[in-house]
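Inside the fold
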There are 2 protein chains.
Amino acid sequence: MDLLVKAMLEIEQLLVDLYGCEADLDDADFLLDTLRAAADAVGSKVVDEVVHRFSPVGVTVILILAETHISIHTWPEHGYAAVDVFVCGEGKDPNKAWDSLRGALKPESLEMKRLTRTIGETRL
Amino acid sequence: MDLLVKAMLEIEQLLVDLYGCEADLDDADFLLDTLRAAADAVGSKVVDEVVHRFSPVGVTVILILAETHISIHTWPEHGYAAVDVFVCGEGKDPNKAWDSLRGALKPESLEMKRLTRTIGETRL
């Protein structure tokens, strides 16, 4: 196959399932602060924020970064949270955001998936 | 290891890099409509939406679903878009959302990653 790939940037995305969290996963203000601290830890600029509270419990917080996002969805009744750290930008280390998140959420156990995405052009 | 895992729900998350898109990736209204159609295709309820336009080009749209999200980040100058389909809910098929997105965005090529996340409790 005569395929020319012109890659612009390879970035690592972290997707983490957190179980048995000690933190209050129904506290939207705390979760927003936690995500802001994570964005700060990785040196990413937050350009927009969305917070949604579910009834009777559960919160979604998503920070729109200069060009990608950090998100959390919580199920407080199970102590469970789903975190995605998708941080675009050369030299940005998503692990710094993750370390910050982990310290705040205090999971008993977790499962992390790491994947690499290539942002740019592919020409046939 | 004496580990009891109490799984609530296994869901499939799709993460797709789209290259050489024919669609106008700088048209925020079109992208919002495209994501709404994808949520509709999978039968998910949209509870919140965020649209952010970057300067000089580029758009992020995220739909908050009843409990997770569909997101797109675009780099129109490269014909590139990053799509995440994270649809929680028993019997919801994320491939229906993806088929809708693919039809609208018309990528020349793509790279899709599929992963399974377990939402629920883990007890030690």
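Residues numbered from 1 in each chain as written. Chains lettered and ligands numbered in written order. Predicted model: local features only at pLDDT ≥ 70, side-chain atom pairs only at ≥ 80, totals over all residues. Heavy atoms only, no water.

Side note on helix 2 (residues 94-105) of chain A
Residue and element names in this part refer to chain A. The test is simple: Labels follow the DSSP assignment, with helices taken as runs of H or I lasting at least four residues and strands as runs of E lasting at least two, numbered in each case from the N terminus. Each residue after the first adds 1.5 Å to the expected span of a helix. Each residue's exposure class comes from its accessible area (1.4 Å probe, protein chains only) as a fraction of the maximum for that residue type: buried when under 20%, exposed when over 50%, partly exposed otherwise. Here the arc refers to the set of directions running from the helix axis out to each C-beta atom.
Between its terminal C-alpha atoms helix 2 stretches 16 Å, which fits the 16 Å expected from 12 residues at 1.5 Å a residue. Burial in helix 2 covers these residues: Pro-94, Ala-97, Trp-98, Leu-101 and Leu-105. Axial view of helix 2: buried residues confined to an arc of 100 degrees, hence all on one face. Downstream of helix 2 by one or two residues, Lys-106 has phi in the positive range, about 50 degrees.

Digging into the confidence of the model for chain A
Any residue range with low pLDDT should be treated as having predicted coordinates unsuitable for detailed reading. The condition is simple: As a per-residue quantity, pLDDT reports the predictor's confidence and falls between 0 and 100. Contacts between residues were defined by any pair of non-hydrogen atoms, one from each residue, lying within 4.5 Å.
Residues at a pLDDT of 70 or more form 93% of chain A, whose mean pLDDT is 91. This stretch, residues 1-5 of chain A, has a pLDDT under 50; its non-local contacts, to residues over four places away or in other chains, come to 8 contacts.

Details of the interface of chain B and chain A
Interfaces are often described in size by the accessible area the parts lose on coming together. Just so we agree on the cut-off: Note on terms: buried area is the combined drop in 1.4 Å-probe accessible area of two parts once they are placed together, counting the loss on both. One side-chain nitrogen of Lys or Arg within 4 Å of one carboxyl oxygen of Asp or Glu is enough to make a salt bridge. Under the rule applied, a polar contact is a pair of N or O atoms within 3.5 Å (in protein, one hydrogen donor and one hydrogen acceptor; residues adjacent in sequence only if both atoms are side-chain atoms). Each residue is assigned to one class: nonpolar for Ala, Val, Leu, Ile, Met, Phe, Trp, Tyr, Cys and Pro, charged for Asp, Glu, Lys and Arg, and polar for all the others, Gly among them.
Taken together, the 45 residues of chain B in the interface contact 45 residues of chain A. When chain B packs against chain A, close to 3800 Å² is buried across both sides, 60% of that on carbon and sulfur atoms. For the interface between chain B and chain A, the tally reads 4 salt bridges. Where Asp84(A) meets Arg117(B), a salt bridge forms, and the shortest distance between an N and an O atom there is 2.6 Å. Our enumeration of links across chain B and chain A arrives at 18 residue pairs in polar contact (both at pLDDT 80 or more). Here the element with the most residues in the side of chain B that touches chain A is strand 6 (residues 109-123) of chain B; it accounts for 11 residues. Residues belonging to the side of chain B that touches chain A are distributed by class as follows: 21 nonpolar, 14 polar and 10 charged.

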